[in-house]
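Working through the structure, step by step
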Amino acid sequence: EPEVTQTPSHQVTQMGQEVILRCVPISNHLYFYWYRQILGQKVEFLVSFYNNEISEKSEIFDDQFSVERPDGSNFTLKIRSTKLEDSAMYFCASSSQMNTEAFFGQGTRLTVV
Amino acid sequence: TQLLEQSPQFLSIQEGENLTVYCNSSSVFSSLQWYRQEPGEGPVLLVTVVTGGEVKKLKRLTFQFGDARKDSSLHITAAQPGDTGLYLCAGRYMEYGNKLVFGAGTILRVKS
């Protein structure tokens, strides 16, 4: 069964460093998303991406964050200068159409020290 | 003010019992999804409901979408220890575009 895959599963980084989280969405999907979940809190929307551009972003998604689809399969989230409060599980998701079910990856646990 | 609320927050029951989890909003959903999440893993989609009054069944799980599309419920019949986990509802709203808004979840523990 097709699935969303994310790498790495766990990333530890020093405060101020740049990190890139990688995702391979389901192959025929057109809409891509990043969400995050701080330990013990709700899953929160970060950004959605369609047709090679950001379609929506939340207030969390500030200038430190960027997304890219560098080729036909990968979808990446970059955090330019990580802060302690960026520590969270980051989930990539994809859907075939707007307003249809979203399928989530296993997540990347980011720990900023 | 919470846009989407789930109840109860925590439920501990014996194997074989039935249970219902609720998801409520003051705004109309354009669609709603139920997920199950294990610790340290991503949400796994259980069902999507779109039409008011819709009922969907997935083995022992029954999902209902309210007529006004502002609420939903998940009913589990004869719960088993394997049902233990975090159940999340997540909805889309017309006025908030394509993003999913998640509830805080219901932690279900089924004791054998």
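Structure shown above.
Residues numbered from 1 in each chain as written. Chains lettered and ligands numbered in written order. Predicted model: local features only at pLDDT ≥ 70, side-chain atom pairs only at ≥ 80, totals over all residues. Heavy atoms only, no water.

**Some words on the sheet that holds strand β7 (residues 61-65) of chain B**
Residues and elements named next belong to chain B. In space, the five strands of this open sheet follow the order β1-β3-β8-β7-β6, with antiparallel pairing throughout. Single-partner strands in this sheet number two, and they are β1 (4-7) and β6 (55-58). If you compare each strand with its neighbour and ignore which way they point, the axes differ by 15° on average. In this sheet, strand β8 (residues 71-76) lies alongside β7 in antiparallel orientation, the contact comprising five bridges. The residue bridging glutamine 64 from the neighbouring strand is serine 73, located in β8. (Pairing = 2+ DSSP bridges. Helix = DSSP H or I, 4+ residues; strand = E, 2+ residues; numbered from the N terminus. Axes fitted to C-alpha atoms, helices over the stretch in contact; angles between N-to-C directions.)

**What to know about the side chain of B:Gln33**
Within the element layout of this structure, B:Gln33 appears in strand β4 (residues 29-37). Side-chain polar atoms of B:Gln33 contact the side chain of B:Tyr35, separated by 2.5 Å. Here B:Gln33 is in contact with A:Thr100, A:Glu101, A:Ala102, B:Leu45, B:Val47, B:Thr48, B:Leu88, B:Cys89, B:Ala90, B:Arg92 and B:Leu100, once residues within four sequence places are set aside. (Polar contact = N/O pair within 3.5 Å; in protein donor to acceptor, adjacent residues only side chain to side chain. Contact = heavy atoms within 4.5 Å.)

**As for the environment of B:Val49**
Residue and element names in this part refer to chain B. When you line up the elements, valine 49 lands in strand β5 (residues 44-49). You can call valine 49 buried: its relative accessible area is 0%. Taking the C-alpha atoms as reference points, valine 49 and leucine 61, twelve residues apart in sequence, are found 14 Å from one another. Those residues in contact with valine 49, other than ones at most four positions away along the chain, are Ser31, Leu32, Glu54, Lys56 and Phe65. (Buried < 20%, exposed > 50% of the residue type's maximum accessible area, 1.4 Å probe, protein only.)

In short, geometric facts, not functional conclusions.
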